[in-house]
Amino acid sequence: MRHMQSTEVVKALAALAHPVRLEVFRALVVSGPAGLTPSVMQEGLGIPATTLSFHLKELAQAGLVSSERASRHLVYRAAYERMNGVLKYLTDNCCEGAACAVEAGHTACNC
């Protein structure tokens, strides 16, 4: 995993700083590598299609989700490597050289 720049981390955190986007991202993380289609997310989260589309675009621009066409459907997946990069950046840089309370083995999602 490459070291993320602060501008990339800020962009990712800004994307997650909206309740709907955080909820969508969380659903994608929970779904695992299989991902979710927009229709499943709409139904499960109760989000209108246009609203969901807008928020997925914001998450994708921040590099937190990817999409892939599978037959007639788009499947969205959480970008675990990017998420882990954000967590690593925060863990490495938040403590300004002092020991962090988070153990090194617990900074990444093992999804």
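Residues numbered from 1 in each chain as written. Predicted model: local features only at pLDDT ≥ 70, side-chain atom pairs only at ≥ 80, totals over all residues. Heavy atoms only, no water.

A few words now on the overall build of the protein chain. Helix and strand counts for the protein chain stand at 5 helices and 2 strands. Overall, the protein chain shows an N-to-C arrangement of helices and strands of α-α-α-α-β-β-α. In the protein chain, the proportion of contacts linking residues at least 24 apart, taken out of those at least 6 apart, comes to 62%. (Helix = DSSP H or I, 4+ residues; strand = E, 2+ residues; numbered from the N terminus. Contact = heavy atoms within 4.5 Å.)

With 25 residues, the main nonpolar core has Val24, Phe25, Leu28, Met41, Leu56, Leu59 and Leu64 as its most contacted residues. Elements with a minimum of two residues in this core: helix H1 (6–16), helix H2 (19–31), helix H4 (49–61), strand S2 (73–78) and helix H5 (80–93). Those residues in contact with Leu59 that lie beyond four places of it in its chain are Ala15, Leu16, Arg21, Val24, Phe25, Leu64 and Val65. (Core = buried A, V, L, I, M, F, W, Y, C linked by side-chain atoms within 4.5 Å. Buried < 20%, exposed > 50% of the residue type's maximum accessible area, 1.4 Å probe, protein only.)

With that settled, the discussion passes to the pairing of S2. In the case of a regular strand, side chains alternate between the two sheet surfaces. Of the strand pairs in this sheet, strand S1 (residues 65–70) and S2 are connected by 6 bridges, and their pairing is antiparallel. If you follow Ser67 over to S2, its bridge partner there is Tyr76. Linking S1 to S2, which pair antiparallel, is a turn of 2 residues; within it Ser71 sits at a positive phi near 65°. (Pairing = 2+ DSSP bridges.)

All right, on to H1 then. Taken residue by residue, H1 has Glu8, Val9, Ala12, Ala15 and Leu16 as its buried positions. The buried residues of H1 occupy one face: seen down the axis, they fall within an arc of 125°. Looking at H1, the residues exposed on the side facing more than 90 degrees away from the buried face are Thr7 and Val10. Close packing links the buried residues of H1 with H2, H4 and H5. (Arc of directions from axis to C-beta.)

This part is about unusual backbone geometry. The general pattern is negative phi for most residues beyond glycine and trans for most peptide bonds. For Ser71, which is not a glycine, the phi torsion comes out positive at approximately 65°. Among the structural elements, Ser71 can be located in the loop between S1 and S2. Judged by relative accessible area, which is 67%, Ser71 ranks as exposed.

Our focus in this paragraph is the pattern of salt bridges. Scanning all chains against the criterion turns up 4 salt bridges. Across the pair Glu68 and Arg77 runs a salt bridge, and its minimum N-O distance is 2.9 Å. Residue classification places Arg77 among the partly exposed residues on the basis of a relative accessible area of 23%. For Lys88, the salt bridge identified is with Asp92, shortest N-O distance 2.6 Å. Of this pair, Lys88 and Asp92 both sit in helix H5, 4 residues apart, roughly one helical turn. For Asp92, a relative accessible area of 41% gives the class partly exposed. (Salt bridge = Lys/Arg side-chain N within 4 Å of Asp/Glu carboxyl O.)

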